[in-house]
Amino acid sequence: MNGYGKLTMTIKQPRLCLIRRYIYCVFMCHLSLEKALKAHYSINNKENPPKTHNLNFLLENARFELQKDFQKFIEEINDMGIPTRYPENLKKLMKEFSKQKTLTIFNKTSEIIKCLKK
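None of the values given here were measured: they were computed from a predicted structure.

It is worth spelling out the pattern of salt bridges at this point. By the definition in use, this model includes four salt bridges. For aspartate 69, the salt bridge is made with lysine 108, and the minimal N-O distance between the two is 3.2 Å. Of this pair, aspartate 69 sits in helix H4 (residues 68-85) while lysine 108 sits in helix H6 (residues 99-117), and the two are 39 residues apart along the sequence. With relative accessibility at 37%, the residue aspartate 69 sits in the partly exposed group. The salt bridge partner of lysine 101 is glutamate 96, with a shortest N-O separation of 4.0 Å.

In this section: the confidence of the model for the chain. On average, residues of the chain score 82 in pLDDT, and 79% of them reach the 70 mark or higher. When mean pLDDT is taken per element in the chain, helix H3 (residues 55-61) scores highest with 95 and helix H1 (residues 7-17) scores lowest with 53.

Moving on: H6. With 19 residues, H6 should reach 27 Å at 1.5 Å per residue; the first-to-last C-alpha distance of 27 Å fits that figure. Listing the buried residues of H6 in full gives Thr102, Ile105, Phe106, Lys108, Thr109, Ser110, Ile112, Ile113 and Leu116.

Helix length check: helix H2 (residues 22-45) (24 residues) gives 34 Å between terminal C-alpha atoms against 34 Å at 1.5 Å per residue, within 8%. Just downstream of H2 lies lysine 46, where phi reads positive at about 55°.

With respect to the helices, strands and loops of the structure, leucine 59 is situated in helix H3. Look at leucine 59 and you get buried, because its relative accessible area is 11%. A sequence separation of 18 residues divides leucine 59 from tyrosine 41, and the C-alpha atoms of the two residues are 8.0 Å apart. Each residue touching leucine 59, except ones within four places of it in the same chain, is listed here: Leu37, Phe64, Leu66, Gln71 and Ile74.

With that settled, consider the packing of H2 against H6. Between H2 and H6, the least distance of the axes is 10 Å, while the angle of their chain directions is 15°. For the element pair H2 / H6, the angle class is roughly parallel. For the crossing formed where H2 meets H6, the hand is left-handed. Facing H2, whose interface residues are Tyr22, Cys25, Val26, Cys29, Ser32, Leu33, Ala36, Leu37 and His40, H6 presents Lys99, Thr102, Ile105, Phe106, Thr109, Ile112, Ile113 and Leu116. Residues that form the contact of H2 with H6 fall into these classes: twelve nonpolar, four polar and one charged.

Its place among the elements puts threonine 102 in helix H6. Looking at threonine 102, its side chain comes within polar contact range of the main-chain oxygen of serine 98, at 2.7 Å.

What counts and what doesn't
Residues numbered from 1 in each chain as written. Predicted model: local features only at pLDDT ≥ 70, side-chain atom pairs only at ≥ 80, totals over all residues. Heavy atoms only, no water. Salt bridge = Lys/Arg side-chain N within 4 Å of Asp/Glu carboxyl O. Helix = DSSP H or I, 4+ residues; strand = E, 2+ residues; numbered from the N terminus. Buried < 20%, exposed > 50% of the residue type's maximum accessible area, 1.4 Å probe, protein only. pLDDT = per-residue confidence, 0-100. Expected span 1.5 Å × (residues − 1). Contact = heavy atoms within 4.5 Å. Axes fitted to C-alpha atoms, helices over the stretch in contact; angles between N-to-C directions. Parallel < 35°, antiparallel > 145°, perpendicular 65-115°, else oblique. Left-handed = near helix turned anticlockwise from the far one by under 90°. Nonpolar A, V, L, I, M, F, W, Y, C, P; charged D, E, K, R; others polar. Polar contact = N/O pair within 3.5 Å; in protein donor to acceptor, adjacent residues only side chain to side chain.

Listed below in structure tokens is the structure:
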């Protein structure tokens, strides 16, 4: 298995979340990137990836070079991962993610996943 078996299902799930499930959609985008980067880590390092949600760490240690705007997005969504995974202030978080912002995050995630799958 090349590490991408479950990834296709994961990246499709945010599409279902765009009906006012913005926080969940962003969470799933983060999770999809995490799985893709862990697949690269495993393939390139010939070992299981560490148990971490830190996308910056995974990108750096997966030995995979992404274009600069993708790297910047990974940094940004990495910071969104913890609040969407463990939302302490749900009402505040709900205001932060509009439909447009969520669609932008989803589309950029999809672009990066396609790049990582090549």
